[in-house]
Amino acid sequence: MKIEIKELILLVKYQPLSFLFTFILSFVTFIYAKEIVILLLGVEYLNSVVLLKILAFLPFVVSISNMIGIQVMLNLNYKKQFSAIVTSGSVIGLISGLLLINKYEAVGAAISILAIEMFITISMLVFVTKKLLKRKKRVI
């Protein structure tokens with residue numbers, strides 16, 4: 001099923017609500033990471049607070065990535081470009097993960113995960129922005 005541009009615009013129109021929810025969730029998780037760890041895991045896991053703080057904004061970044069990648073790129077039939085971005089993110093993630101985990105252990109893994117998700121999201125955003133600008137120029 002191919003989605004029309006009008007349907008896509010309607011879909012994207014309601015996406016800010018999702019962004020707001022995931023940003024608030026991420027922000028609250030970051031601010032109250034210590035309390036969350038104590039409540040869910042106990043004081044013996046206080047060392048994991050830094051991990052939770054690093055990963056706190058992952059839901060927000062992934063929600064943006066989902067909207068751009070799944071809901072825009074795939075519906076506009078940019079499957080090859082979507083796959084290329086995700087594959088390059090995976091390769092970079094594997095390499096950075098190995099390097100960072102060796103030196104920084106769990107903190108390195110958390111940093112690598114967040115950085116790769118941000119790389120994928122920014123790459124998708126740049127790609128879609130360029131394509132939409134080209135479409136706009138053709139219409140004018």
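Structural notes, computed from the coordinates.

What counts as what
Residues numbered from 1 in each chain as written. Predicted model: local features only at pLDDT ≥ 70, side-chain atom pairs only at ≥ 80, totals over all residues. Heavy atoms only, no water. Helix = DSSP H or I, 4+ residues; strand = E, 2+ residues; numbered from the N terminus. Axes fitted to C-alpha atoms, helices over the stretch in contact; angles between N-to-C directions. Parallel < 35°, antiparallel > 145°, perpendicular 65-115°, else oblique. Contact = heavy atoms within 4.5 Å. Nonpolar A, V, L, I, M, F, W, Y, C, P; charged D, E, K, R; others polar. Buried < 20%, exposed > 50% of the residue type's maximum accessible area, 1.4 Å probe, protein only. Polar contact = N/O pair within 3.5 Å; in protein donor to acceptor, adjacent residues only side chain to side chain. Core = buried A, V, L, I, M, F, W, Y, C linked by side-chain atoms within 4.5 Å.

**Let's talk about unusual backbone geometry**
Residues other than glycine seldom take positive phi values, yet Asn-77 does so here, at roughly 65°. Note on placement: Asn-77 falls in the loop between α5 (58-73) and α6 (79-139). Even without a glycine there, the phi angle at Glu-105 is positive, about 55°.

**Section: the packing of helix α2 (residues 15-31) against α5**
Running from N to C, α2 and α5 point in directions that differ by 155°, and their axes come no closer than 7 Å. By the criterion of interaxial angle, the relationship of α2 to α5 is roughly antiparallel. The residues of α5 that touch α2, namely those facing Gln-15, Ser-18, Phe-19, Thr-22, Phe-23, Leu-25 and Ser-26, are Pro-59, Phe-60, Ser-63, Ile-64, Met-67 and Gln-71. Looking at the contact of α2 with α5 residue by residue, the class counts come to seven nonpolar, six polar and no charged.

**What to know about the side chain of Thr-22**
Along the polypeptide, Thr-22 turns up in helix α2. According to the relative accessible area criterion, Thr-22 is buried, its value standing at 10%. Polar contacts involving the side chain of Thr-22 include one to the main-chain carbonyl oxygen of Phe-19, which spans 3.2 Å. If we skip the residues at most four places from it in the chain, Thr-22 touches Pro-59, Phe-60 and Ser-63.

**Concerning the nonpolar core**
Met-73, Ile-85, Met-124, Phe-127 and Val-128 are the most contacted members of the largest nonpolar core, which has 14 residues in total. Within the residue set of this core, elements represented by two or more residues are α5 and α6. The dominant element in this core, judged by the number of residues it contributes, is α6, at seven residues. Ignoring any residue separated from it by four or fewer positions in sequence, one finds Met-124 in contact with Ser-65, Ile-68, Gly-69, Met-73, Phe-82, Ile-85 and Val-86. Counting residues in hydrophobic clusters, the runner-up holds five residues, among them Ile-54, Leu-58, Val-61 and Leu-114.

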